[in-house]
Amino acid sequence: MSQTLPEKDQPSSRRVPSVSSTDANSRQNPLPQATIRETLQILRDVELPMIAKGPIIRRPKVVELVARTGWETQAVKRMQKVADRYGTGPLMLSTPKKMAMVLDPEHVHRILDASPEPFATAETLKRHALKHFEPKVSLISHGEERTQRRQLNEAALDTDHPIHRMAESFMPAVREEAEALLREVDAKGGTLEYPDFYQAWFRVVRRVVLGDSHRDDRQITDLTEKLRGDGNWAFLKPVDKAGRKDLLDQIGAALSKAEPGSLAAFMKDMDFGPEDQPANQVPQWFFAFDPAGMASARSLALLAEHPEHMAKAREQIAAEGAETAPMLQHLRGTVLESLRLWATTPMILRETTREVEFEHGVMPAGTSVLIFAPFFHRDERNLDFAHSFSPEIWEEPRTRDQWPLMPFSAGTAICPGRHLVLLLTSNFLAEIIRAKDVTLTSHSLEPGSMPGLLNNFTLEFELTSPA
Ligand code: HEM
């Protein structure tokens, strides 16, 4: 059975021809298909750098290679060429596994709105990657299981509130760990390097998620990292079942302690059904706080290289200084911009659970649907801010009628942790820039011409006390 996509709220300027289940043209036609040569070019320029960098945990040496060679810029150019030739698509690739690239902004909205039916989040490759450390996480679940797990995530992460209701008890961790980091930096003569930034950030993360007693519990996050490393290999590596059990047991034990002030305590009595599987949701949080650290360090670099925005962020910090857990919109916009410019989830994946009709043909059931975010985020043909740092674009929530920017995905599977991430990252950054003047010493960012990738691992700053 095929299904017609909902045509919700389409802006008139981008209205697409209507489709119906009796549309003879689309029924007869398969979607356009890339030639084998074009498919290989797409795999080389778009897929390969992403897989080589490490989709689940980054490989620093490959990140450096990709940044140095401008591979990410090449990926966007490749997609632009493909879109020039095939218009709105979606474009089927000539691969043994059915795969389609999304080319049209309106299709992005419609596909992400129509998850998990008929566009399941539990895409095949994603399932193989994530099963190494979180086989029952919502993202690779379907049906009733997914419903319960998604509900648990939304409730625990307080998705409906821009400021998590536990924010007040998270802020001491943010402040104290930022202060400890600044003391380390002072001891090193003022140099801030990414590895130290990352360790401090993860002390915040462990305290917020599991409680203060887990501040130095690197065992739990190191084990998650090890299993994420296995996840990079997806089905090419056997699952380390003992390691996975160990991780889920450790998390289960930490959750049942429900240490006051932590997310573990907040979710203690939550119950969304027998399949909600709390311990399986938490590795996804540890996983996702890693890109949040990357985005924060890149945000610091953006601010250091754009003094007018640094000044504006500081003004806001001063203005909201009396609040226990301030909103800090300009810093939130900065983190969102870092994620737009250098998406940490560059490929959003869905899989069709049945045939789906588009204007120009039918997408078969079992097709992996690929939305390559940088193609939309860095499209200078449609966005005048494509390669600039423009935090002001995030001052108002973006609507469905606008060009799709999806640092946290969109639609029904949008990241349920996004507000918590922005709360913690913005306040962590605030602690640093309130106390120190920041100079980026490792890179030079030319305003209006942001690189295709900014290597977070090699970021280095000089921090000095304000005169
Ligand atoms: C900068 C940091 C982060 C980014 C860029 C990010 C981005 C994303 C994206 C793009 C998705 C959707 C993937 C899809 O549509 O297939 C997602 C899903 C998810 N994220 Fe985040 N995320 C971040 C941090 C976090 C954090 C810190 C948490 C938890 C504390 C979290 C929890 C989740 C969960 C549970 C899902 C799965 C949702 C579902 O199954 O529907 N994320 N995230």
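Residues numbered from 1 in each chain as written. Predicted model: local features only at pLDDT ≥ 70, side-chain atom pairs only at ≥ 80, totals over all residues. Heavy atoms only, no water.

With that settled, consider the coordination of the iron atom of the ligand. Within the protein, just one atom coordinates the iron atom of the ligand: Cys415 (SG), at a distance of 2.3 Å. By the secondary structure assignment, Cys415 is in the loop between helix H16 (373–377) and helix H17 (418–435). (Donors = N, O, S within 2.8 Å, 3.2 Å for Na, K, Ca; no water. Helix = DSSP H or I, 4+ residues; strand = E, 2+ residues; numbered from the N terminus.)

Overall, antiparallel pairing links the three strands, which are arranged S5-S11-S10 in an open sheet. For this open sheet the edge positions go to strand S5 (191–193) and strand S10 (437–440), each flanked by a neighbour on one side alone. The mean inter-strand angle of the sheet, taken between neighbouring strand axes irrespective of direction, is 30 degrees. Summarising the sheet, S5 and strand S11 (residues 460–464) pair through three bridges and their orientation is antiparallel. Its bridge partner being in S11, Glu193 is matched across the sheet by Glu460. (Pairing = 2+ DSSP bridges. Axes fitted to C-alpha atoms, helices over the stretch in contact; angles between N-to-C directions.)

Its 16 residues give helix H4 (residues 71–86) an end-to-end C-alpha distance of 22 Å, which sits within 8% of 22 Å, the value for a rise of 1.5 Å per residue. Among the residues making up H4, those that are buried are Trp71, Glu72, Ala75, Val76, Arg78, Met79, Gln80, Val82, Ala83 and Tyr86. On its buried face, H4 sits against helix H2 (36–53), helix H3 (60–69), strand S2 (91–92), strand S3 (99–101), strand S9 (368–372) and H16. (Expected span 1.5 Å × (residues − 1). Buried < 20%, exposed > 50% of the residue type's maximum accessible area, 1.4 Å probe, protein only. Contact = heavy atoms within 4.5 Å.)

With that settled, consider the confidence of the model for the chain. The pLDDT averaged across the chain works out to 94; a share of 94% of its residues lies at or above 70. Counting interchain partners and residues more than four positions distant, the pLDDT-below-50 stretch residues 1–24 has 58 contacts. (pLDDT = per-residue confidence, 0-100.)

For the ligand, the set of nearby residues contains 25 residues, the closest of which are Ser138, Arg146, Arg150, Arg350 and Cys415. Ser138 is positioned such that a nitrogen or oxygen atom in its side chain is 2.6 Å from an oxygen atom of the ligand. The separation between an oxygen atom of the ligand and a polar side-chain atom of Arg146 is 2.7 Å. Those elements that place two or more of their residues in the shell around the ligand are helix H7 (143–156), helix H13 (278–305) and strand S6 (347–352). Sorting elements by how many residues they give to the shell around the ligand places H13 first, with six residues. (Near = heavy atom within 4 Å. Polar contact = N/O pair within 3.5 Å; in protein donor to acceptor, adjacent residues only side chain to side chain.)

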